[in-house]
Amino acid sequence: TNASGSIPCDGTVDVTVSINSNANSLGNGEYTDVVQFVNETDHSGDTSRNVTLTVGAPSLVYEYPLDSDPGWSTQGLWAHGTPTGGGGQYGNEDPTSGHTGSSVYGYNLSGDYENGLPERHLTTDAIDCSNLSSVSLKFWRWLNVERNLYDHAYLRVSNDGTTWTTVWENGSSHVEDSSWSQFEYDIASVADGQETVYIRWTMGETDGSWQFSGWNIDDVEIWGIEDTQSGVDEAASGALALSPNYPNPFGPSTTVRFELPEPARVSLRVYDVSGRLVRELADAQMPAGSHVRTWDGRDGGGRPVAAGVYFCRFEAGEKSRTRRMVLVR
């Protein structure tokens, strides 16, 4: 409502964007678009805002109870098995069983972590989240670690096995769990729509003095909204398509691929979360077929932009597509 009209000098107007009954037929998933505000007098103050509509509620998609060994990658004293209740030179001892069942993944199931320890990782196999949005990680934790001035524990996530985003790390106080507790972390910015998502728990680095009993992990779950949008793969069918940028998250650059079923005037622009234009990647008449552009994480003036979420907006004729991108530094 109030999609057009006049605003007096120094005046304001409320513009409401709402959904109608057509939304009832939408499948689960994430839908994006851009609302543009245009000053038709002299274009002073033209701006836009990104709009995201999420349909559906997250549900349990993958479950790893760890009663049997899933065969995840381990380093150092990370192991699958039954903890022995050992350790606790400082902090609390390990548990004597899992949250459910007897088995866990833990760092040194027999006691404390070592002094002078470099980073040692427990890493899942690749998890396919290509059909998911609003992805979150849940797991049960029993952790004891000295404050981060001396020792370290991390939770990280990646969608390529190379670039890792830290989701959690211990802080300025000791972590001293004496019972199992469930934790949930939003990993959507890294995992949504990605075919290969890896979760990593890290023990270390540690200093040369106090020792604690370290990580114990059980009942790992991946939650998300499963995409049930109708239709066929646009790129495969030769329709207008904007493919997910790769890599994503990225740093310092990412590749954007789009398909044109017929010649068209194309606009490809990057916006920040407030709708401000950051960079124009294309503005030209283009032939039908596949096209590629690269964004180097810089604005139109060649300056590096801050890490965060950005939107790539692709327009061809009367049609448009939008993709979310995550820049890390």
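For the structure, check the block above.
On a predicted model such as this, the values are computed, not experimentally measured, just so you know.

Scoring rules and cut-offs
Residues numbered from 1 in each chain as written. Predicted model: local features only at pLDDT ≥ 70, side-chain atom pairs only at ≥ 80, totals over all residues. Heavy atoms only, no water. Pairing = 2+ DSSP bridges. Helix = DSSP H or I, 4+ residues; strand = E, 2+ residues; numbered from the N terminus. Axes fitted to C-alpha atoms, helices over the stretch in contact; angles between N-to-C directions. Salt bridge = Lys/Arg side-chain N within 4 Å of Asp/Glu carboxyl O. Buried < 20%, exposed > 50% of the residue type's maximum accessible area, 1.4 Å probe, protein only. Patch = residues over 30% accessible without salt bridge, like charges linked within 9 Å, V, L, I, M, F, W, Y side chains within 5 Å. Areas by Shrake-Rupley, 256 points an atom, 1.4 Å probe, with all protein chains shown as cover. Core = buried A, V, L, I, M, F, W, Y, C linked by side-chain atoms within 4.5 Å. Contact = heavy atoms within 4.5 Å. 1 Å grid on protein atoms, 1.4 Å probe; cavity = no way out; pocket = protein on both sides within 12 Å on 5 of 7 lines; lining within 4 Å. Points joined across faces, edges and corners; volume = space filled by probe spheres on them. Nonpolar A, V, L, I, M, F, W, Y, C, P; charged D, E, K, R; others polar.

### Focus: the sheet that holds strand 20 (residues 289–295)
Here's step 1: Pairing in this open sheet of 3 strands is antiparallel, and the strands run 16-17-20 from one edge to the other. Bordering the open sheet on either side are strand 16 (241–242) and strand 20, each of which pairs with just one other strand.
Here's step 2: Examined bridge by bridge, strand 16 and strand 17 (residues 254–260) share 2 bridges and lie antiparallel to one another. Paired with Ala241 across the strands is Glu259, a residue of strand 17.

### Some thoughts on the pairing of strand 7 (residues 120–123)
Here's step 1: The pairing of strand 4 (residues 73–74) with strand 7 spans 2 bridges and is antiparallel. Bridge assignment links Thr74 to a residue of strand 7, and that residue is Leu122.
Here's step 2: For strand 7 and strand 14 (residues 198–203), the ladder comprises 4 bridges, and the chain directions are antiparallel. Across the sheet, residue Arg120 finds its bridge partner in strand 14, namely Met203.

### Observations regarding the sheet that holds strand 21 (residues 308–316)
Here's step 1: Pairing within the open sheet is antiparallel, and its 4 strands lie in the order 19-18-21-22. Looking at the sheet topology across the chains shown, the edges are occupied by strand 19 (277–286) and strand 22 (319–327). Averaged over all pairs of adjacent strands, the angle between their axes in this sheet comes to 15 degrees, without regard to strand direction.
Here's step 2: Summarising the sheet, strand 18 (residues 264–272) and strand 19 pair through 8 bridges and their orientation is antiparallel. Paired with Arg265 across the strands is Gln285, a residue of strand 19.

### So, the pattern of salt bridges
Here's step 1: On inspection of all chains with the given rule, the structure shows 10 salt bridges.
Here's step 2: Glu119 is the salt-bridge partner of Arg156, the closest N and O atoms lying 3.1 Å from each other. One end of the pair, Arg156, is in strand 10 (residues 153–158); the other, Glu119, is in the loop between strand 6 (104–107) and strand 7, with 37 residues separating them in the sequence.
Here's step 3: For Glu119, a relative accessible area of 27% corresponds to the partly exposed category.
Here's step 4: In this structure, Asp177 and Arg141 form a salt bridge, with 2.9 Å as the shortest nitrogen-oxygen distance. Taken together, the residues Asp177 in the loop between strand 12 (175–176) and strand 13 (181–186) and Arg141 in strand 8 (residues 132–141) connect sequence positions 36 residues apart. In this structure, Asp177 and Arg141 share a single accessibility class: buried.

### Some remarks on a nonpolar patch on the surface
Here's step 1: Residues Ile7, Val13, Val15, Val17 and Phe37 make up a contiguous nonpolar surface patch of roughly 410 Å² in combined accessible area.
Here's step 2: On the secondary structure map, Val17 appears in the segment before strand 1 (29–37).
Here's step 3: Judged by relative accessible area, which is 54%, Val17 ranks as exposed.

### Here we look at the nonpolar core
Nonpolar side chains in soluble globular proteins generally cluster together in the buried interior.
Here's step 1: One finds Phe139, Ile199, Trp201, Met203 and Trp215 to be the most contacted residues of the largest nonpolar core, which totals 34 residues.
Here's step 2: Those elements that provide at least two residues to this core are strand 6, strand 8, strand 10, helix 1 (188–191), strand 14 and strand 15 (216–226).
Here's step 3: Per-element tally for this core: the top contributor is strand 8, with 4 residues.
Here's step 4: Those residues in contact with Met203, other than ones at most four positions away along the chain, are Trp78, Tyr107, Tyr113, Leu117, Pro118, Glu119, Arg120, Val145, His152, Ala153, Gly214 and Trp215.
Here's step 5: Formed by 22 residues, the second largest nonpolar core is a distinct cluster that contains Ala264, Leu268, Ala282 and Val305.

### Considerations on the environment of Gly81
Here's step 1: Position of Gly81 relative to the elements: it lies in strand 5 (residues 78–81).
Here's step 2: With 76 residues separating them in the primary sequence, Gly81 and Gly5 have C-alpha atoms 68 Å apart.
Here's step 3: Residue contacts for Gly81: discarding those within four places in its chain leaves Ser102, Ser103, Val104 and Leu109.

### Points about the layout of surface pockets
Here's step 1: Reported here for the second largest pocket is a volume of approximately 680 Å³.
Here's step 2: Residue lining of the second largest pocket: 16 residues in total, with Ala3, Ser4, Gly5, Ile7 and Val38 positioned closest to the centre.
Here's step 3: Split into classes, the residues belonging to the lining of the second largest pocket amount to 8 nonpolar, 7 polar and 1 charged.

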